[in-house]
Amino acid sequence: MIVKALAGMLLCGWMCQAAQAREYRYSDAHLHYVDFFQETEGMPALIQAMDEAGVEQSMISGIPVAKKWHEDEPKRPRYYAGDDADAYWYSATDVYVAAALEKLPEQQRRRFHPFLSGFNPVDKNAVSHIERMLDLYPGLWQGIGEVFTRHDDLTALTSGDTPRANNEAMTRIYHLAAERDLPVLLHSNITSKRERNPLYLAEIEEPLRNHPHTRFIWAHAGSSLEIHRHQTQMDFLLPVLTRLLEDYPNLYIDLSWSVLQPYLLDKQGEPRKEWLALVEKYPERFMLGSDVVGRFASVGEQMRGFEPFLDALPEDVAIKVARENFLAVLPGNK
């Protein structure tokens, strides 16, 4: 009888724990429909991947550059860093996104939130291009980005001047974003591969300070895989984020994959308490993204990778981070 009772208690405990396990529904705040060659698996593959991953809503954008296959290269590169050939600004990427969405039934189309990205961020004419695209596809675009400014080796490979988040061309775009109620997803590395200090912090902080009516989503919280390869972990990132979130209520953080490791989770895969505390302090300012580029099989893997961190948060906060915060930052929701 005692054995049976113990077995019953264990079974009940396991069942109760299983019943309390959270099932997350996601909004993907960072997804590229095409890759660096402007190619894609297509909408059927994307929708299937979203359904399998529990992604109900998704930001969708193109890639603002195209990688050149140089005539001196015998093999086509597979990624922008595959060889030393240039990348160049590519405006047609937005047309590909718009065309793919226009072919969808209305019910499926409502799951997507397209962002404009196909412009040169060091060209003061870029704001006019964005206005033309907004007029050409009225009511379609819900944000601007991902804007590539400081972006590791891609910055060095891209033709033209070095893009910065605080240049005059981007200033014009931030004014337009505020006027049109469009959030801006901005890739701006906080430092270089070798400098162990926030070398480029002013480039993101200046727009935050000068454009308080523009909502900024900081891609990867200023981190990147290439920085991690050289520095492993930026000890200054958490203190800087803590200060910026306190000082600038127009700042939102995209926690896509390069933030997951080594920041949100330690080497054993356990959530870091100091990052949990930061998210709990600003529960409406963080969102998740897969950051896939034209291939979609890994959407579920990317999003579910955050579950240990989400499970360690209060459930209401976890739901906001997983789904609600991205939707709240879209036009008409603030």
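Residues numbered from 1 in each chain as written. Predicted model: local features only at pLDDT ≥ 70, side-chain atom pairs only at ≥ 80, totals over all residues. Heavy atoms only, no water.

Draft legend 1. Molecular detail of the side chain of T149. Positionally, T149 belongs in the loop between β6 (143–148) and α6 (152–157). T149 has contacts with T155, P163, R164, A165, L186, H187 and S188, leaving out every residue within four places of it along the chain. (Helix = DSSP H or I, 4+ residues; strand = E, 2+ residues; numbered from the N terminus. Contact = heavy atoms within 4.5 Å.)

Draft legend 2. Region of interest: the packing of helix α5 (residues 126–136) against helix α7 (residues 168–180). Here α5 crosses α7 at 30°, and the two axes come no closer than 9 Å. With respect to α7, the axis of α5 lies roughly parallel. Seen along the crossing, α5 lies across α7 with a hand that is right-handed. Two secondary-structure elements touch here, α5 through A126, V127, I130, E131, L134 and D135 and α7 through R172, I173, L176 and R180. Tallied by class, residues from the contact of α5 with α7 come to six nonpolar, no polar and four charged. (Axes fitted to C-alpha atoms, helices over the stretch in contact; angles between N-to-C directions. Parallel < 35°, antiparallel > 145°, perpendicular 65-115°, else oblique. Left-handed = near helix turned anticlockwise from the far one by under 90°. Nonpolar A, V, L, I, M, F, W, Y, C, P; charged D, E, K, R; others polar.)

Draft legend 3. Spotlight on the pairing of strand β9 (residues 251–254). Burial along β9 is two-sided: the residues L251 and I253 and Y252 and D254 are all buried. When strand β8 (residues 216–219) meets β9, the two strands line up parallel, connected through four bridges. Considered in β9, the bridge of I217 is made with Y252. Two elements, β9 and strand β10 (residues 286–287), share two bridges in a ladder whose sense is parallel. Looking at the pairing, D254 lines up with M287 of β10. (Buried < 20%, exposed > 50% of the residue type's maximum accessible area, 1.4 Å probe, protein only. Pairing = 2+ DSSP bridges.)

Draft legend 4. Focus on the packing of helix α10 (residues 237–247) against helix α12 (residues 273–281). Between α10 and α12, the least distance of the axes is 11 Å, while the angle of their chain directions is 10°. In terms of their interaxial angle, α10 and α12 are classed as roughly parallel. Residues L237, L238, L241, T242 and L245 of α10 touch α12, and the partners they reach there are E274, W275 and L278. In terms of residue class, the contact of α10 with α12 is built from six nonpolar, one polar and one charged.

Worth remembering: the numbers are spatial, not functional.
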